[in-house]
Amino acid sequence: MKLIVQVKLLPTPVQAAALEATLHACNEAATWVSEVAFVKGVKRNFALREHTYAEVKQRWGLGAQAAQHVIKKTCDAYRTLAANLKAGNLGRPWSKRYRRATGKPVAFRPEGAQPYDDRMLSWQIPERTISIWTLSGRVKGVAFTASPEQLARLALYRKGESDLLYRDGMWFLQATCEIPETEPNTDPDGFLGIDLGIVNIATTSDGQIMAGRALNRGRLRERTLRTKLQRKNTPSARRRLKKRRRKEARRTKDINHKIAKHVVAEAERTGRGIALEDLTGIRERVRLRKPQRATLHGWAFAQLGAFIAYKARQAGVPVVYVDPAYTSRTCAECGHIDRANRVSQAWFVCRNCGFVDHADRNGSRNIRARAEALWRRGAQSTAPEPPPTARGGTGRKRSTTPSGARSASPSL
Ligand SMILES: [Zn+2]
């Protein structure tokens, strides 16, 4: 499976200036190529190269590889646009958005990402440096930061192109890695149920709570501050707001990565599968008091689900999605369903059998039980050919990658 590893570059001021000039030139050239493509109606790589290659090299001083990437990037942009138009993402052909998108050439931001191949970029992983082509020649020894895990991934699996990008005053490289998948475990020793919630982001059926009270306190503080900035609505307040939003998104992503990593490692270690709630339509389904609703929707549960799914796939851990209806009101011991079973946010007390448990843990145990029932049914339906395969099955979904598209792949 493809995975993007993002590393932050630490260029010296001189190196940064060379990178900036190069990125700007590439995007200016791409915008010009795009105009040619638009005017001449030529949007295929080889045909477009005939019209633009020589001039891109000469006018912007790009090397052969860089010029080819600029042209290819332009073609890719038109292909993406065509796919979006076809999928109806920009409305109907007569809509304003559709006409605006098709009425002029695609333009590139001065700081848009630029692809680099192995001839233009080389990695010295033990030294944590790269050597990269720029307009002012090859720049050597540009330092980068990466976690030990990222370094290992880069050393073992980096393959193909990397994107150079500039964001929030920082330089990054996004490297494509081709990670081998582990043979899927077709005979899991039970399931680890995960309950997703508002007060506790994730609770496992083993009773472990992840990202609870302390995290929510921080998030509440953040939201109060953002509301204040929103009210102010001055240019500087808007700028600060944007920055804080991004910071918050990075923190959320980081926490989701940690939860997913932990959950998958635990399931792998114990030979179990993972049972998750099917989250499609969670917004419609969940009816909560207003402040809680804001909290819930503020959390990227879909992202967490996607992280768990791809990490599980990598580790060969099966994932089963279950219908989460009434998991919080059902007794995990006797199956009695009653709204009154949930006596408080934190506690579950069964009206029928008197079973007492932490409410989220009770929920995750129900999720686990549902997944195990689904898995058994699936295994039975494929029973004729022992051993039961991981393919097919009734009502059981296998883990899937978030998306095939490279840009949509989760990055680390
Ligand atoms: Zn009960």
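Keep in mind that what you see is a predicted model, and the values were worked out from it rather than measured.

1. Some thoughts on the nonpolar core
- Ranked by size, the top nonpolar core spans 84 residues in total, and within it L62, W123 and I274 carry the most contacts.
- If you tally residues by element for this core, the top one is helix α1 (residues 13-40), at twelve residues.
- Within the second largest apolar cluster, eight residues are counted, among which are V320, I367, L374 and W375.

2. Observations concerning the sheet that holds strand β10 (residues 209-210)
- Read across the sheet, five strands follow the order β10-β9-β8-β11-β12 without closing on themselves; strand pairing throughout is mixed. Unpaired on one side and paired on the other, β10 and β12 (319-322) mark the two borders of the sheet.
- Bridging between strand β8 (residues 191-196) and strand β11 (residues 273-277) involves three bridges; their strand directions are parallel. Counterpart to F191 in the pairing with β11 is G273.

3. Focus on the side chain of T330
- Along the polypeptide, T330 turns up in the loop between β12 and β13 (347-349).
- Accessibility expressed as a relative area gives 7% for T330, which makes it buried.

4. Description of the side chain of N362
- You can see N362 is positioned in helix α11 (residues 359-381).
- Overall, N362 belongs to the buried group, its relative accessible area being 0%.
- Reaching out from N362, the side chain makes a polar contact with the backbone oxygen of T330 at a distance of 2.8 Å.
- Other than its neighbours up to four places away in sequence, N362 contacts T327, S328, T330, C331, A332, F348, F355 and D357.

5. Section: α1
- Under the 1.5 Å per step criterion, the end-to-end length of α1 is 41 Å for 28 residues, consistent within 8% with the ideal 40 Å.
- Looking one or two residues beyond α1, the residue adopting positive phi is G41, at roughly 70 degrees.

6. Here we look at the coordination of the zinc ion
- Distances from the zinc ion to its protein donors, namely C331 (SG), C334 (SG), C350 (SG) and C353 (SG), fall within the range 2.3 Å.
- Coordination at the zinc ion is tetrahedral: its four donor atoms span angles of 107 to 112 degrees at the metal.
- According to the relative accessible area criterion, C350 is buried, its value standing at 4%.
- C353 sits in the partly exposed class, given a relative accessible area of 41%.

7. What to know about the confidence of the model for the chain
- When pLDDT is averaged across the chain, the result is 85; 86% of the residues are at 70 or more.
- Long-range and interchain partners of residues 383-412, a stretch whose pLDDT sits below 50, account for 68 contacts in this model, where long-range means more than four residues apart.

8. Notes on the pairing of strand β5 (residues 137-145)
- As paired strands, strand β1 (residues 2-10) and β5 are joined by three bridges and run antiparallel to one another. Residue pairing across strands places L9 opposite F144, the latter belonging to β5.
- As consecutive antiparallel partners, strand β4 (residues 129-134) and β5 are separated by two residues.

9. Description of the packing of aromatic side chains
- Enumeration according to the criterion identifies five aromatic pairs in this entry.
- Seen from their ring centres, F307 and Y310 are 6.1 Å apart, and the 85 degrees between their planes marks the pair as edge-to-face. On the criterion of helical spacing, the pair formed by F307 and Y310 is a turn pair, its members being three residues apart in helix α10 (residues 301-315).
- In this structure, R167 is placed above the aromatic ring of F172, and the distance from its NZ or CZ to the ring centre is 5.5 Å.

10. Describing the packing of α1 against helix α3 (residues 64-86)
- Between α1 and α3, the shortest axis-to-axis distance is 9 Å and the interhelical angle comes to 55 degrees. Looking at the two axes, α1 sits oblique to α3. Of the two elements, α1 crosses α3, and the hand of that crossing is right-handed. Along its contact with α1, which presents C26, N27, A29, A30, V33, S34, A37 and F38, the element α3 presents V70, I71, K73, T74 and Y78.
- Taken together, the residues of the contact of α1 with α3 sort by class into nine nonpolar, three polar and one charged.

Rules used throughout
- Residues numbered from 1 in each chain as written.
- Predicted model: local features only at pLDDT ≥ 70, side-chain atom pairs only at ≥ 80, totals over all residues.
- Heavy atoms only, no water.
- Core = buried A, V, L, I, M, F, W, Y, C linked by side-chain atoms within 4.5 Å.
- Buried < 20%, exposed > 50% of the residue type's maximum accessible area, 1.4 Å probe, protein only.
- Helix = DSSP H or I, 4+ residues; strand = E, 2+ residues; numbered from the N terminus.
- Pairing = 2+ DSSP bridges.
- Polar contact = N/O pair within 3.5 Å; in protein donor to acceptor, adjacent residues only side chain to side chain.
- Contact = heavy atoms within 4.5 Å.
- Expected span 1.5 Å × (residues − 1).
- Donors = N, O, S within 2.8 Å, 3.2 Å for Na, K, Ca; no water.
- Tetrahedral: all angles 85-135°; square planar, octahedral: opposite > 155°, others 65-115°.
- pLDDT = per-residue confidence, 0-100.
- Phe/Tyr/Trp six-rings, centres within 6.5 Å; stacked < 30°, edge-to-face > 60°.
- Lys NZ or Arg CZ within 6 Å of the ring centre and 35° of its normal.
- Axes fitted to C-alpha atoms, helices over the stretch in contact; angles between N-to-C directions.
- Parallel < 35°, antiparallel > 145°, perpendicular 65-115°, else oblique.
- Left-handed = near helix turned anticlockwise from the far one by under 90°.
- Nonpolar A, V, L, I, M, F, W, Y, C, P; charged D, E, K, R; others polar.

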